[in-house]
Amino acid sequence: MTKYIIGACLLWSVTAHAQKGSAFVGGLARIEQDGKSWYINTRGEKVFDALMDVLKGDADSNALQVITLNGKMGVMDAAQRIVLAPEYDQVNNKWNQYLEVKKGNKVNLADNKGKLLFPWQFEEINYLDGSNFDVRAGKLWGIYSLEAKGLLIPLAYEEFDYCGGCGRKGDYLFAKKNGKWGIINFSNEVLLPFEYDHQHAFMRSDNWIRSLKRGDQDVVINLDTKKVYNAPEYTEMDVLAGGLLKARHNGQFGLIDATGKIVADFEYTDIYSPYDERYAGPFMGVVKNGKHGIILSSGKGLLPATYDSEIRCQEHYLIVQEDGMYQLLDSTGKPLLDKHYTSIEPMYVGRDDNKQLIFILKQQAVDGFYNPATGKTAAPAFYELDPTSDASMAIVEHQGQFGLYSIGGEIILPITYNGIEELTTTLFTVTDEENRRGLYDVRDKKMQIPPAFRNVSLLPGSPDNFLVTLNHDDAAYRYGIYDKNYRQLLPPDYTDIICIGREGYLLKQLQGDSVIYSLYNITTKKRFPLKCLYAQQVDIPGQLQLTGTDEAGIINENGQMVIPMVKQMIHPLKNHTYQVIRVQKDGSYKYGYADSTGKMIVPVIYDYSGNDRDFEGDGLLLVRDDKEVGRSKVGLASTQGLIKLPTAYSAIMEGKPGPGYIVMKDNKFQVLGLNGQPVVPTLFDDVTLAEVPYRNATLVSFSWPVMVLNGKVYQYLTADGTLLPLKLTGVISYQPAYGY
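Heads up: these notes are all about the structure in this document.

How each quantity is defined
- Residues numbered from 1 in each chain as written.
- Predicted model: local features only at pLDDT ≥ 70, side-chain atom pairs only at ≥ 80, totals over all residues.
- Heavy atoms only, no water.
- Pairing = 2+ DSSP bridges.
- Helix = DSSP H or I, 4+ residues; strand = E, 2+ residues; numbered from the N terminus.
- Axes fitted to C-alpha atoms, helices over the stretch in contact; angles between N-to-C directions.
- 1 Å grid on protein atoms, 1.4 Å probe; cavity = no way out; pocket = protein on both sides within 12 Å on 5 of 7 lines; lining within 4 Å.
- Points joined across faces, edges and corners; volume = space filled by probe spheres on them.
- Nonpolar A, V, L, I, M, F, W, Y, C, P; charged D, E, K, R; others polar.
- Patch = residues over 30% accessible without salt bridge, like charges linked within 9 Å, V, L, I, M, F, W, Y side chains within 5 Å.
- Areas by Shrake-Rupley, 256 points an atom, 1.4 Å probe, with all protein chains shown as cover.
- Salt bridge = Lys/Arg side-chain N within 4 Å of Asp/Glu carboxyl O.
- Buried < 20%, exposed > 50% of the residue type's maximum accessible area, 1.4 Å probe, protein only.

A word on the sheet that holds strand β58 (residues 561–566). With antiparallel pairing, 4 strands are arranged side by side in an open sheet as β55-β56-β57-β58. The open sheet terminates on both sides in strands that have one partner only, identified here as β55 (534–537) and β58. Sheet twist, expressed as the mean angle between neighbouring strand axes with direction ignored, is 25 degrees. Sheet topology note: the β55/strand β56 (residues 543–547) ladder contains 4 bridges and is antiparallel. In the strand pairing of β56, Gln 537 is matched with Leu 544.

Spelled out as structure tokens, the structure:
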């Protein structure tokens, strides 16, 4: 393929008026002539002029890209399928959900598969809630329903507004008519007359309307009762959690619910939410005569206004300050703690079904916690609290020492360890004062593996068992194994323990300057030595390659020979086969292939040159030396050993994802089908690929039709052996360097 690179560079440097073309990519190729270019399909037909912006998805499988044809725009997907034919004046990505297309002054939306969703009668389309859209024709707006496939509200309004980001889906719209705003529902019934000014602020979707004005005066309107609240009778109005209107009346604050009922008389100097802004609940903070109290959202009193500072709430719990210290109360106002604390902060641990609320109790500089679910208190004794993965426990720290608590409030391990780490939800590694690690089982409440190791971890491949690591005098580590019952299976004497299958482990052990290998079965608990200089893993699970001075073999995890240990070299291949190389009587090397069971599927008859090890595609490379011409010829076998291509070529490149093969023969190229037979007998001077392969590549990307060179003419060869009528003088890239 080096010829192609040189030839392409020469062609690009020459200005020509003849047509040039690119290789096909996903069923399309680009043609260029006189500074203009266009794209053709596999039949040679022009389908569009240019590729433009990627609308969405970048280069991933969901990408959509704008195409143009004769000045019109369309859309193509990542598989080069035409989603929208190029017949539009403009195409845009709308809200990252729809394709917006325009013809003249008309606009439409299409889904990602190109289905048009609206009739061609609107000049503007805006999003309301995914089912309903506000649409404009001329100067008037209406509401179009995708479900009903028609106008829910006629084109009769000057403007709409809607609370699309409110906590619940609104069932009404702000509408403008004759210069004034009112409110209508989706049945076009007027809920508030058109006599207000409006701005998109304080938008809601419940009964309280806060975004309307009469002239310069702010008003709050209850949509249910139609009552208007405004100065001078009502001032400083705000809607609190639960849909309660806070308003000042006769100099004092009260609460009005969503039905218009006064639930808290106008007797407070302030009313506030006692919750953090991320949360809400059933309580309201009130201030009366400079003191703080709590009422329910129904207006019923819970805590009298006798507290000097603001009361904080979390769910149904109240944090109050008394004489400079803090106490936690339940929903009836009953104290939950037997003493007061410097501060009390709510904290959630866990997620989803495991999520639960605790309260961090600070006493001077140290923390404890209270769990309202269990009613238990962990006395302040630590600085930091780190919940475990299932939130059932927490690792705590104080001055560099660690302990383990249950979230229920019980001490599992005292704060006396140099470190504690979660291994599983019930197993923890602990580090003693000499930085030795052991294993603690919460279920058995016992240190099952005493602190004696550098590390304790789950055994790879057998996570019910444990791998222990020990420091050694030679500054390397040593490894051993404990079983799930915490009994030592192997002492920590091994330089490495490697999982090689479901039950087998390769053990490495130093003996003087040598490495001794052995095989261990975790089920039978049996270990036996391996007679080799070197043992290594291969890609086939449960198998090991053994190498001696001049011999090699393959064994399985049970120690059984897969490929006998004889004088040979073995190269494990990525397709779960083995290349077996043996020296011949004349000193040359021959090779064949064995499958994962050790069966020789290709006999040892092919010539080994030191690098014929792996074929990138789905096959096994076969090489025979041709002494007459002084070069090798190659063929291809399947991974079952069947001959796919005879050893008749100087190079073989398999196509991905698999349209056939490109082979070199007598310094020429030939294109083969999947069956290994030539598509046409012609030998071509070159084959052009969309991606230039690296030297000696055996797996390349190409698709039909294939661009071939015969003499000075490039043509496209189809899978059925015919040539498209286009005759090209040069090669260009699929994507132009600059837009045309």
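Next comes the rest of the account.
Quick look at empty space enclosed by the protein now. Per the stated rule, a full pass over the model turns up 2 cavities of 30 Å³ or more. Reported here for the largest cavity is a volume of approximately 50 Å³. What lines the largest cavity is simply Ala 23, Phe 24, Thr 688, Leu 689, Ala 690, Ser 701, Phe 702, Ser 703, Pro 705, Val 706 and Met 707. In the lining of the largest cavity, the residues fall into 8 nonpolar, 3 polar and no charged.

On to a nonpolar patch on the surface. Judged by side-chain polarity, Met 569, Val 583 and Tyr 589 come together as a nonpolar surface patch covering roughly 260 Å² of accessible area. Of note, Val 583 is situated in strand β60 (residues 578–583). Given a relative accessible area of 48%, Val 583 falls into the partly exposed group.

Glancing now at the pattern of salt bridges. Inspection of every chain in the model, using the stated rule, returns 31 salt bridges. When the shortest N-O distance is used, the salt bridge between Asp 218 and Lys 213 registers 3.7 Å. A salt bridge links Arg 487 to Asp 483; the nearest nitrogen and oxygen atoms lie 3.0 Å apart. A relative accessible area of 51% places Arg 487 in the exposed class. For Asp 483, a relative accessible area of 4% puts it in the buried group. Ionic contacts of the salt-bridge type, sharing partners, join the residues Lys 106, Glu 123, Glu 124 and Arg 136 into one network.

In short, shape yes, function no, at least from these values alone.
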